[in-house]
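Chain residues, written in single-letter form:
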Amino acid sequence: QVQLVESGGGLVHAGGSLRLSCAASGHTFSTSTMGWFRQTPGKEREFVAGIGWSDHSTKEGDSVQGRFTISRDNTKNTVYLQMNGLKPEDTAVYYCAAASGAPYPSILPTNYDSWGQGTQVTVSS
């Protein structure tokens, strides 16, 4: 498994930007598809973005398409989520996840086997 630690969350005004980072430890990072999910109280965990390990193909959720960008740096064992044009409805706890050996990102949380502790993102109107 991969150990994951998120950082970069915080409070931002609507229209602003944040960049989340997820530092991974463990020898399987370079062959793990990575994903970002978010969750608000009482709701299911929602897929935000994912990036594959083989060709770095990316996939974004419909609600963040064109605003959020996922990337990874295998030399630093880190995956990033650049969030632009933030909206109050983006407020949530954001989680980093890893799917060891999976070549392409999945939108299903159950397909990921390692999770970080989460970082809070709050967007004020």
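In what follows, the structure referred to is the one given above.
As a starting point, this report considers the structure included with it. The model shown is predicted, which means the values in this text are computed figures rather than measured ones. (Residues numbered from 1 in each chain as written. Predicted model: local features only at pLDDT ≥ 70, side-chain atom pairs only at ≥ 80, totals over all residues. Heavy atoms only, no water.)

To continue, consider the nonpolar core. Met34, Trp36, Leu81, Met83 and Tyr94 are the most contacted members of the largest nonpolar core, which totals 26 residues. Secondary structure elements with two or more residues in this core: β3 (18–25), β4 (32–39), β5 (46–51), β7 (68–73), β8 (78–83), β9 (92–100) and β11 (119–124). Apart from the residues lying within four places of it in its own chain, the contact partners of Tyr94 are Glu6, Leu20, Trp36, Phe37, Arg38, Val48, Phe68, Leu81, Met83, Gly118, Thr119 and Val121. Counting residues in hydrophobic clusters, the runner-up holds five residues, among them Phe47, Ala97, Ala99 and Tyr112. (Core = buried A, V, L, I, M, F, W, Y, C linked by side-chain atoms within 4.5 Å. Buried < 20%, exposed > 50% of the residue type's maximum accessible area, 1.4 Å probe, protein only. Helix = DSSP H or I, 4+ residues; strand = E, 2+ residues; numbered from the N terminus. Contact = heavy atoms within 4.5 Å.)

The next point concerns the state of the cysteines. As enumerated under the stated definition, the model contains one disulfide in all. There is a disulfide in this structure between Cys22 and Cys96, and the S-S distance comes to 2.1 Å. Its S-S torsion of about -80° marks the bond between Cys22 and Cys96 as left-handed, since a negative value means left-handed. With a gap of 74 residues between them, Cys22 in strand β3 and Cys96 in strand β9 connect regions that are remote in the sequence. Taken as a pair, Cys22 and Cys96 share a single burial class, namely buried. (Disulfide = S-S within 2.5 Å.)

Let us now look at the packing of aromatic side chains. One pass over the structure, following the stated rule, counts four aromatic pairs. Grouped by ring-pair contacts, the aromatic residues Phe37, Phe47, Tyr112 and Trp115 constitute a single cluster. It is Arg45 that lies over the ring of Trp115; its NZ or CZ is 4.7 Å from the centre. Directly above the ring of Phe29 sits Arg72, whose terminal nitrogen or CZ lies 4.7 Å from the centroid. (Phe/Tyr/Trp six-rings, centres within 6.5 Å; stacked < 30°, edge-to-face > 60°. Lys NZ or Arg CZ within 6 Å of the ring centre and 35° of its normal.)

Let us now look at unusual backbone geometry. Despite not being glycine, His56 shows a phi value in the positive range, around 55°. Take His56: it is sitting in the loop between β5 and β6 (58–60). His56 gets classed as partly exposed once you look at its relative accessible area, which sits at 35%. Here the phi dihedral of Asn77 falls at roughly 50°; this positive angle occurs in a residue that is not glycine. Of note, Asn77 is situated in the loop between β7 and β8. Assessed through its relative accessible area of 23%, Asn77 is described here as partly exposed.

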